[in-house]
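# Structural characterization, general
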Amino acid sequence: MNLYRYCFILAGALALAACTATSPATPAVPANTGATGGATIQISDPWARAMKMEGGAMGGMEQPTMAPASGSGYGGMEPTKVPEQGMAHGGHGDMEMGGANSAAYMIIRNTGNEPDKLIAASSDVAKTIELHTVIEEGGVMRMRQVEGGIDIPANGQVELKPGGFHMMLIGLTRDLNAGDSVQLTLTFEKAGQIPVTAQVRQP
């Protein structure tokens, strides 16, 4: 009887050891998130402006005139609302002006303990994407390409929004209609590439 009890206890102990040795499942990585080293990047509220390739912006928006200006940046015009119609844009003689341009916006959070930097972006809906900001020169708001990328501070965030930092979608390959979605790939200095799905909206 004692031998039977001993065998029963031994079998139970072996079964318990086998269960505890099983590795826990690796949790899924949330969408629109990237992490490398000490930087952890999260993207929220990504959206792009509705735009027709040939008909201009949708939703009663005006196309501002392009004013030549010094500095880097292409002459692609960011569609603006009527209150922003005084904005001028840096020119570039080599820019192909066919088609229309749009812009993408979002909030980029860095929950890590090291700063990171957004250095590039790409999408199949535009021939190229540039990182731009808006500055005031002589009482005129002008758009400029950001040299070197957009800094994302440690434990902080940067909002890409109209009238500030934004991604310029230059040379659209299709119409961007309200309700559509746009696939973007953001490239960060530390976090690497992060895929983002942006909804198309009428501002």
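Residues numbered from 1 in each chain as written. Predicted model: local features only at pLDDT ≥ 70, side-chain atom pairs only at ≥ 80, totals over all residues. Heavy atoms only, no water.

Broken down by element type, the protein carries one helix and 14 strands. With 203 residues in all, the protein has 38% of them scored as buried. For the protein, the share of sequence-separated contacts (at least 6 apart) that also reach a separation of at least 24 residues comes to 68%. Taken as a whole, the protein presents about 10,700 Å² of accessible surface, with 55% of it coming from carbon and sulfur. (Helix = DSSP H or I, 4+ residues; strand = E, 2+ residues; numbered from the N terminus. Buried < 20%, exposed > 50% of the residue type's maximum accessible area, 1.4 Å probe, protein only. Contact = heavy atoms within 4.5 Å. Areas by Shrake-Rupley, 256 points an atom, 1.4 Å probe, with all protein chains shown as cover.)

Take the side chain of S102 next. By the secondary structure assignment, S102 is in strand β6 (residues 102–110). Judged by relative accessible area, which is 0%, S102 ranks as buried. Among the polar contacts made by the side chain of S102, one reaches the main-chain carbonyl oxygen of R49 at a distance of 2.8 Å. (Polar contact = N/O pair within 3.5 Å; in protein donor to acceptor, adjacent residues only side chain to side chain.)

Here we come to the pattern of salt bridges. Under the definition given, this model contains six salt bridges. The residue E137 makes a salt bridge to R142 at a minimum N-O spacing of 3.4 Å. Residue class for R142 comes out buried when judged on its relative accessible area of 16%. A salt bridge links E137 to R144, with the nearest nitrogen and oxygen atoms 3.3 Å apart. Note on E137: relative accessible area 32%, which makes it partly exposed. Counted as one network, the salt bridges with shared partners bring together E137, R142 and R144. (Salt bridge = Lys/Arg side-chain N within 4 Å of Asp/Glu carboxyl O.)

Another point: the pairing of β6. In terms of burial, β6 is largely enclosed, as eight of its nine residues are buried. Bridge count between β6 and strand β12 (residues 166–172): three bridges; the pairing is antiparallel. Residue pairing for β12: S102 is matched across the bridge by L169. By the bridge criterion, five bridges tie β6 to strand β11 (residues 156–160) in an arrangement that is antiparallel. Looking at the pairing, N110 lines up with G156 of β11. (Pairing = 2+ DSSP bridges.)

Turning our attention to the pairing of strand β14 (residues 192–201). One ladder, built from eight bridges, connects strand β13 (residues 181–188) with β14; its direction is antiparallel. Counted as the bridge partner of T185 is P195 from β14. Counting the residues that bridge the hairpin from β13 to β14 gives three residues.

With that out of the way, let us pick up the side chain of H166. Structurally, H166 can be placed in strand β12. Relative accessible area serves as the criterion here: at 0%, H166 is assigned to the buried category.

Right, let's get into the packing of aromatic side chains. Here a ring pair, both rings aromatic, is described through the centre-centre distance and the interplanar angle of the planes. The full count for this structure, using the stated rule, is one aromatic pair. Ring geometry for W47 and Y105: centres 4.6 Å apart, planes at 40 degrees, overall tilted. Taken together, the residues span a long stretch of sequence, with W47 in strand β2 (residues 39–49) and Y105 in strand β6 at a distance of 58 residues. Overall, the relative accessible area of 11% leaves W47 in the buried class. Look at Y105 and you get buried, because its relative accessible area is 0%. (Phe/Tyr/Trp six-rings, centres within 6.5 Å; stacked < 30°, edge-to-face > 60°.)

No statement about biological role is implied by the geometric values presented.
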